[in-house]
There are 2 protein chains.
Amino acid sequence: MPSYTLYYFNGRGRAEICRMIFAAAAIQYNDKRIELSEWTQFKTKMPCHMLPILEIDTDTQVPQSMAISRYLAREFGFHGKNNVDMFKVDSICDSLFELFNDYMTLFNEKDAAKKPDLQKRYMDTCRRVLPYLEKTLEANKGGSGWFIGDQMLFCDMMCYAGLENPVQENPNFLKDYPKLAGLRNRVAAHPKIASYIKKRNNTAF
Amino acid sequence: MPSYTLYYFNGRGRAEICRMIFAAAAIQYNDKRIELSEWTQFKTKMPCHMLPILEIDTDTQVPQSMAISRYLAREFGFHGKNNVDMFKVDSICDSLFELFNDYMTLFNEKDAAKKPDLQKRYMDTCRRVLPYLEKTLEANKGGSGWFIGDQMLFCDMMCYAGLENPVQENPNFLKDYPKLAGLRNRVAAHPKIASYIKKRNNTAF
C-alpha cells in the first residue's frame, strides 16, 4: 500500500469527495491543510499551482479533484464493476461536479453586481442536472438504494459531497427531488461515512 | 462489439474528443448531428437535456463529454496501462477541459460587456494550466514523445482537441509552450488522426 498525502485548504471544498472516499475505504492518509497565509510559498514548491493535490509515496504529485477522486474510487472499489458501470458513475459525478462548480463560482464571487449572472447559470444547471439524476436514481430499484447496483459507489458519495453547501444554505434545495434527498441520507448513515462526518473538521465551506 | 451512436450538434465543440478516440481506434459509430432547429423537439425524447450523449446498443444513453471520452478511452486502450497512469491521464485531461470550458464560455457569450471578465478567467486558467502541462510533457523523454509512456493516449488527443479553437484564433497561442505545440503536431500526424481530420466535417467551432 503506498502512502498518501492530500493537500488542500482547511475546508471541505473540492477535496471533500476525496476525503469521503478515503473514509469509506478506511484508508489512512495525511490530510494536509494549507493555511491561506502559507499558500503563496507553498505554490512555488509544487509542480502545479492548483489544489487539491494527491501525493503518492512522496514522488508523485497530481492535481485535479475529480481525477484524484476517480483514482481513489478505482483503487478502493467504488467505481463500478465494469466499464459501462464506470461510465454511468462518471456521468453522474461529472453532472454533480458541474453543479458544484457553478455553486463555488457564485459563492466565491465578491462583486455583488456579478452575482445575478452567476446565480442564473447555477440555477440553469440545477434545472438541467437534478431531474436527470432523480430519474437515473429512480431507474435502479425505484430509487430506494444506490445509483447503480447494490452498494454505495463514488457517485453516491458525490451526491452527498457535491450538494453539501447548496443544502446547508437552503434546506428545501431538494424538495422536488425526494429520491436524491433520500440517497444523501443513506450516504450520511453509512457506518464509515457517519463516523467520518462526526469527527471531521467543522469548516464554513 | 456494441453499436454506438454519438449525438451532438453539427460542430466539433464538446464532442470532438470522443470522435477522435473513435477515429484512433478505427471503430465505426453513428455520428448523429442535431440541427439547432431540431434541438427543442430532440430534448424531450432524451433522458437528459444535454449533449453530447453516447448511446450504446440503443438502450443506454449517457451524457457528459468527458465521461464519454473516458469510457471510450478505457474500452479501446487509450487510458493508460495501470491505475496511476490512468490518474495522470485524467489529471491532464481535466486540466485541458478546464481551459476548453473557459474558452467555450467566453466564445458563447453574446453580451460584449460580459466578455472582459470571462476573458480574464480564461487567461488565468491558461497561465495556471499550460506551464503544468508543458512541464508534465517534458518529464517524459524530454517532451519529444507523448505525455505518458510510448504511445498516443486520450490526454494527447485532448491536447489536440481541447486547444483547437484557441490555436485557430491565435496561431501564437502556444509560442511559450513549444513541447505542447510539438505534441499537437504529432497527434495531427498520427495516421488514423490525420486521415480523420482530412475527411471530417469542416465546421466553424
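The residue numbering used here restarts from 1 in each chain and proceeds along that chain's sequence as written. The order in which chains are written sets their letters, starting at A; the order in which ligands are written sets their numbers, starting at 1. pLDDT decides what is reported in this predicted model: residues at 70 or higher carry local features, side-chain atom pairs at 80 or more are listed and counted, and totals for whole chains, interfaces and linings draw on all residues regardless. Only hydrogens and water are removed before side-chain values are computed, so all heavy atoms of the structure are retained for them.

Where an unreviewed UniProt entry is consulted, chain A appears under the name S-crystallin, with the organism given as Doryteuthis opalescens. UniProt positions are given in the numbering used here, feature names are shortened, and annotations may be inferred rather than shown by experiment. Per UniProt, chain A carries the Sequence similarities (unreviewed entry) text "Belongs to the GST superfamily." In its Function (unreviewed entry) section, the UniProt entry covering chain A states "S-crystallins are structural components of squids and octopi eye lens. Contains relatively little if any GST activity."

Brief notes about the relation of the copies chain B and chain A
Copy-to-copy alignment: least squares on C-alpha atoms, limited to residues at pLDDT 70 or above in both. Overlaying chain B with chain A gives an RMSD of 0.0 Å, the required rotation being 180 degrees about an axis along which the chain moves by 0.0 Å. Expressed as a symmetry operation, the mapping of one chain copy onto the other fits a two-fold axis. It is Lys114(B) whose C-alpha, among those of chain B, lies nearest the rotation axis, at 4.7 Å. Both copies contact each other with a shared surface, as 100% of the interface residues of chain B are interface residues in chain A too. By definition in these notes, contact holds between two residues if any of their heavy atoms fall within 4.5 Å.

Quick look at the domain arrangement of chain A
Residues and elements named next belong to chain A. Where a domain begins and ends is set by an automatic assignment or by a domain database. Per the domain assignment, the segments making up chain A are domain 1 (4-76 + 193-199) and domain 2 (83-189). Its C-alpha centre places domain 1 at a distance of 21 Å from the equivalent point of domain 2. Each partner contributes residues to the interface: domain 1 has 17 residues there, and domain 2 has 20 residues. Counting each side, the surface lost to burial between domain 1 and domain 2 is near 1,500 Å², with a carbon and sulfur contribution of 72%. Broken down residue by residue, the surface that domain 1 buries against domain 2 is led by Arg12, Arg14 and Met66, which jointly contribute 35%. Here, a salt bridge means any Lys or Arg side-chain nitrogen found within 4 Å of an Asp or Glu carboxyl oxygen. For the interface between domain 1 and domain 2, the tally reads 2 salt bridges. One salt bridge connects Arg12 with Glu164, and the closest N-O pair in it is separated by 3.4 Å. Polar contacts, as counted here, are pairs of nitrogen or oxygen atoms within 3.5 Å of one another; within protein the pair requires one atom able to donate a hydrogen and one able to accept it, and residues that are adjacent in sequence qualify only if both atoms are side-chain atoms. Remark: the boundary between domain 1 and domain 2 carries 4 residue pairs in polar contact (both at pLDDT 80 or more). Summed over both partners, the accessible surface that disappears when two parts come together, traced with a 1.4 Å probe, is what is meant by buried area.

Here's the deal with the interface of chain B and chain A
Taken together, the contact between chain B and chain A spans 35 residues of the former and 35 residues of the latter. Roughly 3,000 Å² is buried in total at the junction of chain B and chain A, and carbon and sulfur atoms are behind 56% of that figure. Of all residues in chain B, the largest losses of buried area upon contact with chain A belong to Arg74(B), Asn83(B) and Phe87(B), amounting jointly to 21% of the total for that side. The interface formed by chain B and chain A includes 8 salt bridges. Between Arg70(B) and Asp94(A) there is a salt bridge; the shortest N-O distance is 2.9 Å. On the surface where chain B and chain A come into contact, there are 19 residue pairs in polar contact (both at pLDDT 80 or more).

Some remarks on the nonpolar core
Leu54(A), Phe147(A), Leu54(B) and Phe147(B) are the most contacted members of the largest nonpolar core, which totals 140 residues. The residues contacting Leu54(A), other than those within four sequence positions of it, are Tyr4(A), Thr5(A), Leu6(A), Phe22(A), Thr60(A), Gln61(A), Val62(A), Ile68(A), Tyr71(A), Leu72(A) and Phe87(B). Each nonpolar core is a collection of buried residues, namely Ala, Val, Leu, Ile, Met, Phe, Trp, Tyr and Cys, held together in the definition by side-chain atoms within 4.5 Å. Categorising residues by exposure relies on relative accessible area from a 1.4 Å probe, with only protein chains included: less than 20% of the type maximum marks a residue as buried, more than 50% marks it as exposed, and the intermediate range marks it as partly exposed.

Topic: the pattern of salt bridges
All chains considered together, the criterion is met by 36 salt bridges over all chains. Across the pair Arg74(A) and Asp90(B) runs a salt bridge, and its minimum N-O distance is 3.8 Å. Within this pair, whereas Arg74(A) is found in helix α3 (residues 65-75), its partner Asp90(B) is found in helix α4 (residues 83-108), the two belonging to separate chains. A residue is classified by how much of its surface remains accessible, and Asp90(B), at 0% relative accessible area, is buried. Glu98(A) is paired through a salt bridge with Arg128(A); the nearest N and O atoms lie 2.8 Å apart. Each helix is a run of DSSP H or I of at least 4 residues and each strand a run of E of at least 2, with the numbering of both proceeding from the N terminus.

Observations regarding the sheet that holds strand β3 (residues 53-56) of chain A
All names here are of chain A. Any two strands with at least two DSSP-identified bridges between them are counted as paired. The strand order β2-β1-β3-β4 describes an open sheet built from 4 strands, whose pairing is mixed. Each edge of the open sheet is held by one strand with a lone partner, namely β2 (30-34) and β4 (60-63). Going from strand to strand, the sheet's axes swing by 20 degrees on average, the running direction of each strand aside. Taken together, the 4 bridges between β3 and β4 define a ladder with antiparallel strand orientation. Note that in β4 the partner of Leu54 across the bridge is Val62. Lying over the sheet, α3 contacts β1 (4-9), β3 and β4, oriented at roughly 40 degrees with respect to β3. A fitted line through C-alpha atoms represents every axis, and for helices the fit uses only the stretch in contact; the resulting angles, taken between N-to-C directions, go from 0 to 180 degrees.

So, the packing of helix α4 (residues 83-108) of chain A against helix α3 (residues 65-76) of chain B
Here α4(A) crosses α3(B) at 160 degrees, and the two axes come no closer than 8 Å. The pairing of α4(A) with α3(B) is recorded here as roughly antiparallel in orientation. Between α4(A) and α3(B) the crossing geometry is right-handed. Side by side, α4(A) and α3(B) meet where Asn83(A), Val84(A), Met86(A), Phe87(A), Asp90(A), Ser91(A) and Asp94(A) of the first sit next to Met66(B), Ala67(B), Ile68(B), Arg70(B), Tyr71(B), Arg74(B) and Glu75(B) of the second. When describing relative orientation, an angle under 35 degrees is termed roughly parallel and one over 145 degrees roughly antiparallel, while 65 to 115 degrees is termed roughly perpendicular and anything else oblique. The handedness criterion is simple: a crossing whose near helix is rotated anticlockwise from the far helix by less than a right angle is left-handed, and one whose near helix is rotated clockwise is right-handed.

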